[in-house]
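Structural overview for review
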Amino acid sequence: MLLKILPLAKNILKKYIKAILVILGVLLVLVIGANYYAKLQLKKALSEVSAKNDFSYETLDVNVLLGKVSIDNVSFKSKSFELESPSIKVKGFGYWSYITSKDISVSTLQIDAPKLKVIKGAEKDTVTSTKNQSFKGDISIGNIKTSNGYLDVINEGDEKNISIKLSNINLKSFKTSQEILKNVLPFNYESLSGSLDSVYVKMNFYQDLKVQSIKIEDNNFNVNNLSITPKYERAEFQNVIPYEKDLITLNVPELKLNNLKIDTLNDKLSLKTPSIVVVNADCNIYRDKTHTDDVRIKPMYSEMLRNLNFGLDISALQIQSSKLVYEERAEGTKKIGKVLLGNLNATIKDINNTSKNDGGKLTTANISTNFMGTSQLNVNWQFDINNLNDTFNIKGEAKQVSADAMNMFFVPAVNVKAIGTLNELYFNYSGDKNDALGDMRIDYSTFKVEVLRKDGSSKNRLLSGIVNLFLDNNEKDGRVTKQDVSVTRDKTKSFWNYFWLCIRNGALQSLTKS
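Here is what the cut-offs are and how they apply
Note on numbering: residues in each chain are counted from 1, in written sequence order. Given that this is a predicted model, residues contribute local features only at a pLDDT of at least 70 and side-chain atom pairs are listed and counted only at 80 or more, while totals for whole chains, interfaces and linings are drawn from all residues. Based on all heavy atoms of the structure, the side-chain values leave hydrogens and waters out of the count. Counting from the N terminus, the helices are the DSSP runs of H or I reaching at least four residues and the strands are the DSSP runs of E reaching at least two. Relative accessible area decides the class of each residue, using a 1.4 Å probe on protein chains only: under 20% of the type maximum gives buried, over 50% gives exposed, and in between gives partly exposed. Working rule for contacts: check all heavy atoms of both residues, and any pair within 4.5 Å makes them a contact. Throughout this description, the term nonpolar core refers to a set of buried Ala, Val, Leu, Ile, Met, Phe, Trp, Tyr and Cys residues connected via side-chain atoms within 4.5 Å. The predictor's confidence in any single residue is recorded as pLDDT, a number from 0 to 100. The patch calculation keeps residues exceeding 30% relative accessible area without a salt bridge and links them within 9 Å when they carry like charges or within 5 Å when they are nonpolar (Val, Leu, Ile, Met, Phe, Trp, Tyr). Surface exposure here means Shrake-Rupley accessible area, sampled with a 1.4 Å probe, where a residue is shielded only by the protein chains that are shown. Definition used for salt bridges: Asp or Glu carboxyl oxygen within 4 Å of a side-chain nitrogen of Lys or Arg. Distance and chemistry together define a polar contact, namely a pair of N or O atoms within 3.5 Å, with one atom able to donate a hydrogen and the other to accept it when in protein, and with adjacent residues in sequence counting only for side-chain atoms on both sides. Centres within 6.5 Å make a pair out of two Phe, Tyr or Trp rings, where for Trp the six-membered ring is used; the pair is then stacked when the planes are under 30 degrees apart, edge-to-face when over 60, and tilted otherwise. Here a cavity means grid points, on a 1 Å grid over the protein atoms only, where a 1.4 Å probe fits yet cannot get out; a pocket means an open set of points with protein on both sides within 12 Å along at least five of seven lines; lining residues are those with an atom within 4 Å of a point. Grid points are joined across faces, edges and corners, and a volume is the space filled by probe spheres set on the points. All amino acids are sorted into three groups, where Ala, Val, Leu, Ile, Met, Phe, Trp, Tyr, Cys and Pro are nonpolar, Asp, Glu, Lys and Arg are charged, and the leftover types, Gly among them, are polar.

Quick notes on the overall build of the protein
Secondary structure assignment for the protein yields 7 helices and 24 strands. Taken over 514 residues, the protein has a buried fraction of 41%. When contacts within the protein are restricted to residue pairs at least 6 apart in sequence, those whose partners lie at least 24 apart make up 61%.

Written as structure tokens, this is what we have:
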């Protein structure tokens, strides 16, 4: 029986093997045919791009079975964009969806050592115009990865505006379509991770912004050593500006932007984050008042935020352990007045210009700082970004403001020397872009002023005597409260000049005799 079964099994096995070989042969032919057809279709698509732009590549390899495509030595140049890469690899390419519906579906797009260049101000490319797109389907990519790349943004004169080293980037769940391409941000994504190094941004003719490195993990940005540096020294700066301008120097060792989302909202680019944290910032602002005045109307902060050309939604901005120094050279003197805010801590909530009908939600700032190295200053400031009259309220208190602290600014800036101590100064002002009204309370000890001679070297006894006649401080100690202090804003000056006028008017009305 066994001898009869074995030949029969052998014949059956031979037939199965032949059938399998035939099937494998057919599959091999189909794979080769599919590879050839897919490669032909991809070459056709790439030829359409080449017909409209300066585009070239060296080799194209296709593996339908593994869903892989690789292109070597790619070069793409258009009027507004350039790309060079030694290798671009695609994994998980959905050939069937592309062949049947022209939709492009990819699991991973790997771009090695890309050199990207964006030309600002160039004419719009036909390849990016939705009216001239060669593809009509959707594009979906699970992960877009780059490594060892560079991005440069230049103007048409080949001047570099932005330069970034793209150490590695991973953009997850990239999607775009004919409809999405119409947006300011022409794609959607889920999250961004990676690292950037040696970031350079030309802010303007006078200053540059630099960042040592940025680490990104699932939309959380950790920025290391951000700096804004002037291109000119102080004296040289005065020769290149047309009118008074602030010369700003800023160093931020650590800056965190949590869960930053970049999107399109109301036909504008939109930036949204629940929190930004600034740690150990050191900012210096210098202004030379001997220069020509800038008499243009200055907007309030609420107006500036309202009129940004992009959407901004920051739930909370925290400034921790920072320092701000304002220096001013007054007319007719070479001396420089100084205002120092040390150990500056602030929490600013609801910086949002994207919600037009939010029920009057206010932007609030709670600030605590060491004023002039000796006094504690606390300020609460709030304003309504959506209010066209730019309404605001600012209130606070300063304690133990010594004469030495005040004179760091008063003597060089206004040629006046204070004597005594302000034990407590309390203020509360509400207003809009035109006028403000508020209250002030001052608790002082033996407060007097000396008007100095023009060279600031000695007391002008006559003027000092006249001024002190009007000061209501015959007692050694005193407390005065002044209500309904009115202030009219000089609209050619900043909000901080407006705030200074509130403090100055309140102090003058509080300390002088009726």
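Description of the nonpolar core
Counting 91 residues, the largest nonpolar core has Phe392, Ile394 and Phe427 as the members making the most contacts within it. Here this core takes 6 residues from helix α7 (residues 495-511), the largest share from any one element. Residues within four places of Phe392 in sequence aside, it is in contact with Met300, Trp381, Gln382, Phe383, Tyr429, Ser430, Gly431, Asp432, Ala436, Phe495 and Tyr498. Counting residues in hydrophobic clusters, the runner-up holds 6 residues, among them Tyr206, Ile241, Leu247 and Tyr286.

Points about the environment of Ser191
Mapped onto the secondary structure, Ser191 falls in strand β9 (residues 191-202). Distance from Ser191 to Lys261, taken between C-alpha atoms, is 8.2 Å for residues 70 residues apart in sequence. When neighbours within four sequence positions are excluded, Ser191 is seen to be in contact with Asn170, Leu171, Lys172, Asp218 and Asn219.

Quick look at the confidence of the model for the protein
Chain-level statistics for the protein give a pLDDT mean of 81 and a share of 78% at 70 or above. For the protein, per-element mean pLDDT is lowest for helix α6 (residues 461-469), which scores 45, and highest for strand β15 (residues 275-279), which scores 97. Per-residue pLDDT stays below 50 along residues 18-31; that stretch engages in 1 contact with residues further than four places along the chain or on separate chains. Within the model, pLDDT remains below 50 along residues 458-467, and this stretch shows 16 contacts once partners closer than five positions in the same chain are excluded.

Regarding a nonpolar patch on the surface
A surface patch of nonpolar side chains, about 270 Å² in accessible area, is lined by Tyr301, Met304 and Trp496. Tracing the backbone through its elements, the reader meets Tyr301 in helix α4 (residues 301-306).

Some points on the side chain of Asn393
Within the secondary structure, Asn393 sits in strand β21 (residues 392-402). Given the relative accessible area of 12%, Asn393 is considered buried. A distance of 3.1 Å separates a polar side-chain atom of Asn393 from the backbone oxygen of Tyr429. Discounting chain neighbours no more than four positions away, the residues touching Asn393 are Asn380, Trp381, Gln382, Asn428, Tyr429 and Ser430.

Quick word on the pattern of salt bridges
Summed over all chains, the structure comprises 16 salt bridges. Its salt-bridge partner being Lys361, residue Asp350 comes within 3.4 Å of it at the nearest N-O pair. With Asp350 in strand β18 (residues 336-352) and Lys361 in the loop between β18 and β19 (363-371), this residue pair connects regions lying 11 residues apart in the sequence. Relative accessible area serves as the criterion here: at 48%, Lys361 is assigned to the partly exposed category. The network of salt bridges with common partners includes Glu244, Asp246, Arg287 and Lys289.

Here's the deal with the packing of aromatic side chains
Evaluation of the coordinates by the stated rule reveals 18 aromatic pairs. With 6.1 Å between their ring centres and 50° between their planes, Phe76 and Phe81 make a pair best called tilted. Under the relative-accessibility criterion, Phe76 is labelled buried at 11%. With centroids separated by 6.1 Å and ring planes inclined at 70°, the aromatic side chains of Tyr301 and Phe495 adopt a geometry described as edge-to-face. Note that Tyr301 is positioned in helix α4 and Phe495 in helix α7, a separation of 194 residues in sequence. Here Phe495 falls in the buried class, since its relative accessible area comes to 4%.

Some points on empty space enclosed by the protein
Applying the stated rule across the entire model yields 1 cavity of 30 Å³ or more. One number sums up the size of the largest cavity: a volume of about 50 Å³. Along its surface, the largest cavity is lined by Met300, Tyr301, Ser302, Trp381, Phe383, Asp390, Phe392 and Phe495. Here the lining of the largest cavity is built from residues that sort into 6 nonpolar, 1 polar and 1 charged.

Comments concerning unusual backbone geometry
Of note, the phi angle at Ser198 is positive, near 50°, even though the residue is not glycine. For Ser198, the position within the fold is in strand β9. Even without glycine at this site, Asp218 takes up a positive phi of about 50°. Inspection of the secondary structure puts Asp218 in the loop between β10 (207-217) and β11 (220-230).

Considerations on the environment of Val201
For Val201, the position within the fold is in strand β9. Judged by its relative accessible area of 24%, Val201 is partly exposed. On a C-alpha basis, the gap between Val201 and Val153 in space is 9.2 Å, while along the polypeptide they are 48 residues apart.

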